[in-house]
Amino acid sequence: MAVMTESRAPVRSAPAPARRRTRRVNRPGSWYLLPAAVFFGLFAAFPLVLVLYLSLTDWSGIGTPGFVGVDNWVRLFENDAIWDVTSTTLLLTGLFWVTQTPLSILLGVWAAGPQRNRAVLSALFFLPLLLSTAAIALLFNRMFDPYVGIGRGLEPFRNILGTTSGAITAIVIVVGWQFIPFHTLLYQAAARNIPKVLYDAATVDGAGRWYSFWYVTLPQLRNTVITSSTIMIVGSLTYFETIFLLTNGGPGTSTRTLPLEMYFRSFRSYEFGYASAIASVLVIVATTISLLIVRFSGFAKMRSTLEGL
């Protein structure tokens, strides 16, 4: 009787996992940063170090600076007038942000529309951004002149630069007239990148134009608001030409800011060491405000290419 034997198929070993191919990305070498690093070093880092050194000296602009240690800094913080100048600088910075940001957002969203008339009006509206700051300040200085300006026949505006509130109002108007177009351009570009499906979904849910703007447009402009606010606040701390040519810090010293005080101390009183201490304070304050905005706004944690997501 034949014995039947069970035949077993040979056990096949599992195929070896394919080796994962890593795609090599050709990235530019670090030496590509050399031109930018040299430019930054010559025109930013070196002047900053030089200003910090001069703030520790007594220098009239001629001759060799004499080292005096922290005397300029002590004098700076003990000077009561400098606190008034600082409060004026912060007041103008706050007014610039409060007036320019809402107008820039509204105009930017409006200019992002597809209508042809909006493109033409936007082009005309951006013209002040192309003009010289000094020319704009001189132009408005003549316009606000009580004898030959527009206020000659309008009593409320006749002496607008002669009062503290009037001069501050004039500065806010002139600076806003020139720089609102820049921030409007930022918001216009950001508004055009908002996905249309978000507005379609809001329309399906029954949202009107106001609710679409408040709950769709503004949240999507969050990154741009932070960027624009940082540029605006830091720039406001360093405004010089407009205030110098429009009010010259007057009436009295009511519109004198830290940059203007730095100019007076250096090129009129020839106290370059003390002026360098003021410049150092401006750098420290502007840098601190920028870091605080980035830190507490959550801007550094955003990684999405879409605004506010």
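Quick look at the structure, then. (Residues numbered from 1 in each chain as written. Predicted model: local features only at pLDDT ≥ 70, side-chain atom pairs only at ≥ 80, totals over all residues. Heavy atoms only, no water.)

### Looking at the pattern of salt bridges
By the definition in use, this model includes six salt bridges. Here Asp 145 makes a salt bridge to Arg 142, at a shortest N to O gap of 3.7 Å. Arg 265 is the salt-bridge partner of Glu 271, the closest N and O atoms lying 3.2 Å from each other. Note on Arg 265: relative accessible area 19%, which makes it buried. Residues joined by salt bridges that share partners form a network here, namely Arg 75, Arg 256, Glu 261, Arg 265 and Glu 271. (Salt bridge = Lys/Arg side-chain N within 4 Å of Asp/Glu carboxyl O. Buried < 20%, exposed > 50% of the residue type's maximum accessible area, 1.4 Å probe, protein only.)

### Section: the side chain of Thr 242
Inspection of the secondary structure puts Thr 242 in helix H10 (residues 241-246). Thr 242 has contacts with Thr 133, Ala 137, Val 174, Val 175 and Thr 247, leaving out every residue within four places of it along the chain. (Helix = DSSP H or I, 4+ residues; strand = E, 2+ residues; numbered from the N terminus. Contact = heavy atoms within 4.5 Å.)

### With respect to the side chain of Gln 178
Relative to the helices and strands, Gln 178 resides in helix H6 (residues 164-192). A polar contact of 3.5 Å, which involves the side chain of Gln 178, links it to the backbone oxygen of Leu 131. Residues contacting Gln 178, with those up to four places away along its chain left out, are Pro 128, Leu 129, Leu 131, Ser 132, Thr 133 and Ile 136. (Polar contact = N/O pair within 3.5 Å; in protein donor to acceptor, adjacent residues only side chain to side chain.)

### Some details on the layout of surface pockets
Within this model, the largest pocket holds a volume of roughly 610 Å³. Together, 18 residues line the largest pocket, and Val 109, Trp 110, Gly 113, Arg 118 and Arg 209 are the ones closest to its centre. Mapped onto the lining of the largest pocket, the elements with two or more residues apiece are helix H3 (80-111), H6, helix H7 (196-204) and helix H8 (209-220). Its volume calculated, the second largest pocket comes out at about 190 Å³. Taken together, Leu 76, Phe 77, Ile 82, Trp 83, Thr 86, Thr 89, Leu 90, Leu 237, Leu 258, Ile 278, Val 281 and Val 285 make up the full set of residues lining the second largest pocket. Every element with two or more residues in the lining of the second largest pocket is listed here: helix H2 (71-78), H3 and helix H12 (272-297). With five residues, H3 is the single largest residue contributor to the lining of the second largest pocket. Partitioned by chemical class, the residues of the lining of the second largest pocket number ten nonpolar, two polar and no charged. (1 Å grid on protein atoms, 1.4 Å probe; cavity = no way out; pocket = protein on both sides within 12 Å on 5 of 7 lines; lining within 4 Å. Points joined across faces, edges and corners; volume = space filled by probe spheres on them. Nonpolar A, V, L, I, M, F, W, Y, C, P; charged D, E, K, R; others polar.)

These results come straight from atomic positions and should not be treated as a statement about function.
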